[in-house]
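What follows is each chain in one-letter form.
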Protein chains: 2
Amino acid sequence: MANLILQHGTILTMDRQDTLYEDGFVVVDGDAITHLGPMSLMDELLQGIPETEHYSILDCTGKLILPGMVNTHSHLSMVVFRSLGDDVADRLKRYLFPLEKTAMDKQMALDGAAYAFAELLLGGVTTIYDAYYFEDEIAKVAEKAGIRGVLSETILSFPSPNADEPYGGIPYTKQFIKNWQGHPLITPAVNCHALYTNDREHLQECHRIAREADVIMCMHLAEMDYEQRDCLRDFGMTPVQYLDSLGILDARFLAAHSINLEDRDLEIYRDRGVKVSHNAGSNAKGAKGVARIRDMRAMGITVGLGTDGAMSGNTLDILTQLPLVGKIQKVSNNDRTLFPAKEILRMATIEGAKALGLEEITGSLEAGKRADIIILETDSVNMQPIYDPYSVVVYSANPSNVETTIVNGRVVMDKRRLLSLDMAELRENLFRHQDKIRAIARELDKKLPSS
Amino acid sequence: MANLILQHGTILTMDRQDTLYEDGFVVVDGDAITHLGPMSLMDELLQGIPETEHYSILDCTGKLILPGMVNTHSHLSMVVFRSLGDDVADRLKRYLFPLEKTAMDKQMALDGAAYAFAELLLGGVTTIYDAYYFEDEIAKVAEKAGIRGVLSETILSFPSPNADEPYGGIPYTKQFIKNWQGHPLITPAVNCHALYTNDREHLQECHRIAREADVIMCMHLAEMDYEQRDCLRDFGMTPVQYLDSLGILDARFLAAHSINLEDRDLEIYRDRGVKVSHNAGSNAKGAKGVARIRDMRAMGITVGLGTDGAMSGNTLDILTQLPLVGKIQKVSNNDRTLFPAKEILRMATIEGAKALGLEEITGSLEAGKRADIIILETDSVNMQPIYDPYSVVVYSANPSNVETTIVNGRVVMDKRRLLSLDMAELRENLFRHQDKIRAIARELDKKLPSS
């Protein structure tokens, strides 16, 4: 962890007042931001600080300084399957589950997660929510990568790559929470995969675990057409109303996707304080529908952004999602003024932190918060001119423009080079699974209807 | 121009059979591709070629070799206004036209165009359609940049930055065509801005000019809600039916946007051989609607991709458009199998070339075509793994992954460095207009309704 002063950057704090310093500074002391403000006040503000001469100075002239981005939904290890099955019908059940069942093992999950952490840090994501398998080992990789992780073992009604028994994720989760609760970077969570992969009894047990440990509980919810149809058939209620009837929905609940929602469902979200992870790219690519995030935000529901796994969203950074989020909302609501750039960037940062229950420590640049900071260069051709820095970040930037990533006060990526992980080794580790995956995918491809 | 052999790349030819060479070579002789194929046949295929020892060899191991992308719609010089007015209502008339009228002059147009050419070449676009002002000077900049340009002076019923008289673009266009027709890189075209900025008489005159010179004619068509409404009110016909009644629509006509189309309009497009420039990002950001490109393609209508100007589409490369195109179509048509990656890439390359009437010389890698080639690196974290290279290009790549750009046999960008233009000088030239633009934009902002 660094004693560091970032100077002369354009600072988009994303604090409550959307404070922007055109020529500003940020002081990082250990894991925390201690001071920030306009350069003109720096000397005055730092008078009480002893030995600032021992701080490293980083000149950020011409650069944009932002809070690190928050990815509220992913299945990181699946990056090993990226570019497979992208345009396949009924992909989850016909392609993704069988592929995962046959191919995925512990080593592949860890190699995938490590590669994904590299992509996240290189792309400016400092906080990631992951739901997958072998999460206790993945947490160790995250710790080494130096990324802030809200991590959870997926719970479902059939055996998983990490459990021979149905619902093997439940005892695993209990232990996982004990192992990691209180860690400065890793926050454990409970993950029930979905309504169609969990029964009532286990959903309620998961909720009890989350409540007793005071951790968040995440589910895929109101995502699939069959989920909606079967729930109405079996229980006479929408998925949201059904979960609410079980007493599961509360302010600790993070509902991923949340596409097929009635007005009544939205009211339940609002009344219970449910948070939403909006996965614009994945939702659209899967032709699942356009989530009603305009209504959600008008009702005061917290909406963060997520990528989903790399078979669904392909890339794991949040910057790539930003132009999608607004454009899809504008065109589907027939209003170009909706979701202006600043609002999109709030969802990518502080709203995402709120969705994960981490708004006290990350998601904005404020004195007292952990130092989760990214620096974007503006030398690349796509980054000029800058009349509105929010617009530039949302509509023009891509992950290659992220120059430096700081998490919890540690510089983990600088000048596009990872400092916490060895990229060459990560690539080697990714490649060693390719023959196996390719062989399995070829068999699956044969069973698909020809397009 | 180079005598060059690209070796050991994965070659996505985008030819009629979608031929892909997993380990292939391409020979560039002067401005043309003379040979390509699998490495295993290289020695045999090149036996007739004298002095191949004098060719430069470029090792492309691990890289993707594609035809350069085709951007079928832009207003390049407007890049000087990028990040202004992004989320403003009724932006064209309340913000963009006044800004352009007050701020734009010849020097700004040229500096903007030069900067835009840099962005295009760095982003893998080798052929660009531009409609703006001062195009005779812009053509000279394009020639220097070494980009293939289909260029046209915008014609409209009021004075422009380049004409004190209404329709001043018409005499300009006649001279412009004479100046440039037959040039190896520059193809002149006719551009009537839109139905709502041109009257019947001048539309027909433009069509005559295009027909007589055998050049394409481009218009914004079926883009705006008021365009549709007013045309129905004034002529009792849709814009497409009205233009068809004037005898204007033919195989030389390129209809930009084409969003608000009835079935009958589509039949007219098909019957007349009209081509479409689809601007997915701009259409969505402007909340203008979702173009019926699925129906168009089912009917055999040629659909290329475009970015529109940088106030509408922000970035000018085509790679950034690719994930948008498919995702918006999939979700709005409720079918995830629509527009698979390979089809999107065809629209970005050979279909774009067809839209501009250049399919004989560019848009695919085939012996006899001009050497318009891009090379994508796959070292970056987002570019692996590669089970389906089409998916990687469409869903994962961004402009920073383009490593080399070759146009008409000339290497104009290599290892992210422009060889035909001086990036530092382009930035300087862009920056010198900023104070003026910022002052004008502030005045315009004051007149906008507060959001």
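Conventions we followed
Residues numbered from 1 in each chain as written. Chains lettered and ligands numbered in written order. Predicted model: local features only at pLDDT ≥ 70, side-chain atom pairs only at ≥ 80, totals over all residues. Heavy atoms only, no water. Contact = heavy atoms within 4.5 Å. Buried area = accessible area lost by both parts, 1.4 Å probe. Salt bridge = Lys/Arg side-chain N within 4 Å of Asp/Glu carboxyl O. Helix = DSSP H or I, 4+ residues; strand = E, 2+ residues; numbered from the N terminus. Nonpolar A, V, L, I, M, F, W, Y, C, P; charged D, E, K, R; others polar. Least-squares fit on C-alpha atoms with pLDDT ≥ 70 in both. Buried < 20%, exposed > 50% of the residue type's maximum accessible area, 1.4 Å probe, protein only. Phe/Tyr/Trp six-rings, centres within 6.5 Å; stacked < 30°, edge-to-face > 60°. Axes fitted to C-alpha atoms, helices over the stretch in contact; angles between N-to-C directions. Left-handed = near helix turned anticlockwise from the far one by under 90°. Domains from an automatic or database assignment. Polar contact = N/O pair within 3.5 Å; in protein donor to acceptor, adjacent residues only side chain to side chain.

### Some words on the interface of chain B and chain A
- Between chain B and chain A, the residue contacts involve 65 residues of the former and 65 residues of the latter.
- Summing both partners gives a buried area of about 5,100 Å² for chain B against chain A, and 57% of it is carried by carbon and sulfur.
- Along the contact surface separating chain B from chain A lie four salt bridges.
- When the shortest N-O distance is used, the salt bridge between Lys 330 of chain B and Asp 87 of chain A registers 2.7 Å.
- Put simply, the parts of the chain that give the side of chain B that touches chain A at least two residues each are helix H3 (106-122), helix H10 (280-285), helix H12 (322-333), helix H15 (389-396), helix H16 (423-431) and helix H17 (434-447) of chain B.
- A total of five residues in the side of chain B that touches chain A trace back to one element, the largest contributor, which is H12 of chain B.
- Counted by class, the side of chain B that touches chain A contains 29 nonpolar, 20 polar and 16 charged residues.

### Brief notes about the relation of the copies chain B and chain A
- Once chain B has been moved 0.0 Å along the axis and rotated by 180°, it coincides with chain A to within an RMSD of 0.0 Å. The relationship between the two copies is best expressed as a two-fold rotation axis.
- Here 100% of the contact residues of chain B are again contact residues in chain A; the copies associate through an equivalent surface.

### Details of helix H13 (residues 341-348) of chain B
- Among the eight residues that make up H13 of chain B, six are buried, leaving the element largely enclosed by the rest of the structure.
- Within H13 of chain B, burial applies to Ala 341, Ile 344, Leu 345, Arg 346, Met 347 and Ala 348 of chain B.

### Quick look at the packing of aromatic side chains
- Considering all chains together, one arrives at eight aromatic pairs over all chains under this definition.
- Centre to centre, the rings of Phe 235 of chain A and Tyr 242 of chain A are 3.9 Å apart; their planes meet at 15°, and the pair counts as stacked.
- Overall, the relative accessible area of 5% leaves Tyr 242 of chain A in the buried class.
- When the ring of Phe 97 of chain B is compared with that of Phe 158 of chain B, the centres are 5.6 Å apart and the planes differ by 75°; the resulting orientation is edge-to-face.

### Focus: the packing of helix H2 (residues 91-103) of chain B against H17 of chain B
Residue and element names in this part refer to chain B.
- Interhelical geometry of H2 versus H17 gives an angle of 145° and a closest axis separation of 10 Å. For the element pair H2 and H17, the recorded crossing hand is right-handed. Of H17, the residues touching H2 (which contributes Arg 94, Tyr 95, Pro 98, Leu 99, Thr 102 and Ala 103) are Lys 436, Ile 440, Ala 441, Leu 444, Asp 445 and Lys 447.
- In the contact of H2 with H17, the residues fall into seven nonpolar, one polar and four charged.

### Things to note about the domain arrangement of chain A
Residues and elements named next belong to chain A.
- For chain A, the assigned domains read domain 1 (2-67 + 373-415) and domain 2 (69-355).
- Taken over C-alpha atoms, the centre of domain 1 sits 30 Å from the centre of domain 2.
- In this assembly, 25 residues from domain 1 lie in contact with 29 residues from domain 2.
- Together, Met 14, Val 394 and Tyr 395 form the three largest contributors to the area buried by domain 1 at its contact with domain 2, with a combined 28%.
- The tally of links from domain 1 across to domain 2 stands at one salt bridge.
- Across the contact surface, domain 1 and domain 2 share five residue pairs in polar contact (both at pLDDT 80 or more).
- Looking at the side of domain 1 that touches domain 2 residue by residue, the class counts come to 17 nonpolar, four polar and four charged.

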